[in-house]
Amino acid sequence: MSLHERLASWSEDELGVTGRVLDVVRAPAPVLSTVGADVDPTAQDVVQLAADLVATMRVSPGCVGLAAPQVGVSARVFCVDVSAHPKTQRHHGTFVLCNATVVEASRNEKSREGCMSVPDFTGDVKRATRLVVHGALPGTGESVTVEANAFEARALQHEIDHCAGLLFLDRAAGAHAIYARKTYL
Amino acid sequence: MTLHAITVLGHDRPGIIAETTGKLAGLGLNLEDSTMTLLRGHFAMMLICAGEAPGADIEAALAPLSEDGRLTVSVREVPAGTAAAGISGTSWVLTVHGADRPGIVSRIVGELAAVGGNVTDLTTRLAGDLYLLVAEVDLPAGVDAAAVEAALAAAGTELGVGVTLRGAEADDL
Ligand SMILES: [Zn+2]
C-alpha cells in the first residue's frame, strides 16, 4: 500500500475560494436518506461546496469528515481529514473527493462510529480496513485512485455512504449495536 | 426440571439485578437466558430460569422487590421445549429510521410476517424526532429476499422512513 502523493499534498488552498461554515443537518432530514447526484468536479458551485465542506469540518470539534448531504446538498462530494485522530495509521491529510466509488474493500473490522448528523447515537459498524477508492478532485477534476487503511478507510466508507443516502445506522451490526450517547448532567 | 419466565419492570435503581438473581440462586435456580434494558429510563428485565423450585416459592422469594410498589414482578411457568425451532433459511439485519409517526413498527414487520419472516431480536429508539428500529430477522428458505427488500422499501416510502435490509454475515475468526 502506498501513499497517494498528489492527494497527500492537496489542500483546500488550491480551490481558490473561501469556504463558508454551513449548518449541519440532522436525521431525520430527508436529504440524508437521498442518493446524491453526480457532480461536475470542475463546476464553480462544486468548488465552492468543497471549500464549504472543509471549512465546516474545520470548525467542528472531532469532525474527521463531512459529506454534502450533511450540509443539505444532495451531491456526491465529501471531505475527509483523519490526521489528528488517534486511531489513524497512514493518512492523506485533508482532501475532497467527488463522485467517489469503492473499488476494493477487504479485512472487515467492527468498530464504534458516530456522526454529526446523528448526534444522539453511536453504533457498531463493520467496515473494511483496507480500501481502494476512485474519485475526482474538485477544481482540476483530476481522477485519483487512493489506497487507504484503518481509520482513514473507515472515514471514507462513512462519507461515501452519506453520498449514497446511507447513515451508519443503516449498517448497524445487530439489534443491540446502536447506543444512546451518554450525557451526564 | 421446570422453566419459569420472570419479568421485573419499573423504577430503576442500583441493585435490582443483584437482588433478583441472588434470590433465584438461593432457590437453586439456574439462569438459562436473560435480557435487561432501560426503556425510557424504566428498568425492564426478562429471564428464563430452570430448577425444581415451585412458582409460589419464587414469587415469595421475589416479593420484597415489589414491596415499595415501584417494581412489578411476575413469575410464570413456561412449558419446556417451546423454544422456536431453528428455521432453515437466511439471517438479516433490518434498519429503519426516519421521522417518528405511529404505526412504523407494525407496517414494517407486517411485511416480514407476510412471508413467514421471524423477528428474533428488535430494539427501537427515539431521540428528538428521530425514530430508529434495528431488528434481526430470519427469512425462511426459498423466500425471495430481493422481493422482501422491495416490499420493505415501498413501505418505507409510504411511511417516509429509510429502510435497509442487509445479510447478517458472521465472520468466523
Ligand atoms: Zn456522518
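Residues numbered from 1 in each chain as written. Chains lettered and ligands numbered in written order. Predicted model: local features only at pLDDT ≥ 70, side-chain atom pairs only at ≥ 80, totals over all residues. Heavy atoms only, no water.

**Thoughts on the overall build of chain A**
At step 1: Looking only at helices and strands, chain A features three helices and six strands.
At step 2: Scanning chain A from its N terminus toward the C terminus, one meets helices and strands in the order α-α-β-β-β-β-β-α-β.
At step 3: Over its C-alpha atoms chain A spans a radius of gyration of 15 Å, differing by no more than 12% from the 16 Å that the globule rule assigns to 185 residues.
At step 4: Burial analysis of chain A (185 residues in total) assigns 54% to the buried set.
At step 5: Just so you have it, chain A exposes about 8100 Å², and 50% of that area is on carbon and sulfur atoms.
At step 6: Looking at chain A, you have 17 positive and 21 negative side-chain charges, and the mean spots of the two groups are 10 Å apart. (Helix = DSSP H or I, 4+ residues; strand = E, 2+ residues; numbered from the N terminus. Rg over C-alpha atoms; globule rule 2.2 N^0.38 Å. Buried < 20%, exposed > 50% of the residue type's maximum accessible area, 1.4 Å probe, protein only. Areas by Shrake-Rupley, 256 points an atom, 1.4 Å probe, with all protein chains shown as cover. Lys, Arg positive; Asp, Glu negative; His and termini not counted. Charge placed at Lys NZ, Arg CZ, Asp CG, Glu CD.)

**Points about the environment of Gly167 of chain B**
Residue and element names in this part refer to chain B.
At step 1: Mapped onto the fold, Gly167 is located in strand β8 (residues 161-167).
At step 2: When the C-alpha positions of Gly167 and Val137 are compared, they lie 9.5 Å apart, and in sequence the two are 30 residues distant.
At step 3: Ignoring sequence-local partners within four residues, the contact set of Gly167 consists of Ser91 and Trp92. (Contact = heavy atoms within 4.5 Å.)

**Side note on the nonpolar core**
All names here are of chain A.
At step 1: Val77, Phe78, Leu97 and Leu156 are the most contacted members of the largest nonpolar core, which totals 44 residues.
At step 2: Elements supplying a minimum of two residues to this core: α2 (44-59), β1 (65-67), β2 (77-80), β3 (95-113), β4 (121-136), β5 (143-149) and α3 (150-163).
At step 3: For this core, the element with the most residues is α2, which contributes eight residues.
At step 4: Residues within four places of Leu156 in sequence aside, it is in contact with Phe78, Val80, Phe95, Leu97, Leu131, Val133 and Ala148. (Core = buried A, V, L, I, M, F, W, Y, C linked by side-chain atoms within 4.5 Å.)

**What to know about the domain arrangement of chain B**
At step 1: Here chain B is partitioned into domain 1 (2-78) and domain 2 (89-167).
At step 2: The centre of domain 1 of chain B, based on its C-alpha atoms, is set 31 Å off from the matching centre of domain 2 of chain B. (Domains from an automatic or database assignment.)

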